[in-house]
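Working through the structure, step by step
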Amino acid sequence: MTLAERLRRCFALLGAGRRAVLVLHVDEAELEAKRAAVATLVNVQRDPEGGPFACPCCASLTLPTRGQYELCPVCFREDEGQDDHDADLVRPGPNGSLSLTQARANYAALGACDRASLHRVRSPTPQERPTR
Ligand SMILES: [Zn+2]
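Predicted model, so just to flag it, every value in this text is computed and none were measured.

1. Let's talk about helix H2 (residues 28-39)
- Over its twelve residues, H2 runs 16 Å from end to end, which matches the ideal 16 Å to within 8%, given 1.5 Å per residue.
- Among the twelve residues that make up H2, zero are buried, leaving the element largely open to the surroundings.

Printed below as a string of structure tokens:
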């Protein structure tokens, strides 16, 4: 059960209008290990000069920068800087449990980086069409 599911269950048990105190246990060693793992990630970063850039997921030319957490309007993946060099890695961050490789497969199959984003995507404009 995820933390969000546990919280929903707790609030459902409490009922409407009740107050609750939330106590979170933080494992400092686990937190430090995650910080160290994030510090070793290599991000692709580009400033606006030379843009727009190809989305690493759908390849559409939709990103005004790279590695700056822009959302691609075509596939709805958030660009945190992941690219081919570590595409199979599930990174901690905005894309949840989705590796870039899995997001690409989802885009090829569904037309979005994940099923939950299907209602947010659009087709690329002629200028955004992938060049690869
Ligand atoms: Zn995209």
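2. Re the nonpolar core
- The biggest cluster of nonpolar side chains holds 13 residues, and the ones touching the most others in it are Cys55, Cys57, Cys58, Cys72, Cys75, Tyr107 and Cys113.
- Tallying contributions element by element places helix H3 (residues 100-110) first for this core, with three residues.
- Excluding anything up to four places from it in sequence, Cys55 contacts Ser60, Thr62, Leu63, Cys72, Val74, Cys75, Arg77 and Asp79.

3. Here's the deal with unusual backbone geometry
- That bond from Gly51 to Pro52 is cis: its omega, 0°, falls within 30 degrees of zero.
- Of note, Pro52 is situated in the loop between H2 and strand E1 (53-54).
- Even without being a glycine, Ala59 presents a positive backbone phi close to 75°.
- Along the chain, Ala59 falls in the loop between E1 and strand E2 (61-63).
- The exposure class assigned to Ala59 is partly exposed, which follows from the 19 C-beta atoms found within 10 Å.

Thresholds, definitions, all that
Residues numbered from 1 in each chain as written. Predicted model: local features only at pLDDT ≥ 70, side-chain atom pairs only at ≥ 80, totals over all residues. Helix = DSSP H or I, 4+ residues; strand = E, 2+ residues; numbered from the N terminus. Expected span 1.5 Å × (residues − 1). Buried ≥ 20, exposed ≤ 12 C-beta atoms within 10 Å, placed from the backbone. Core = buried A, V, L, I, M, F, W, Y, C linked by C-beta atoms within 7 Å. Contact = placed C-beta atoms within 7 Å.

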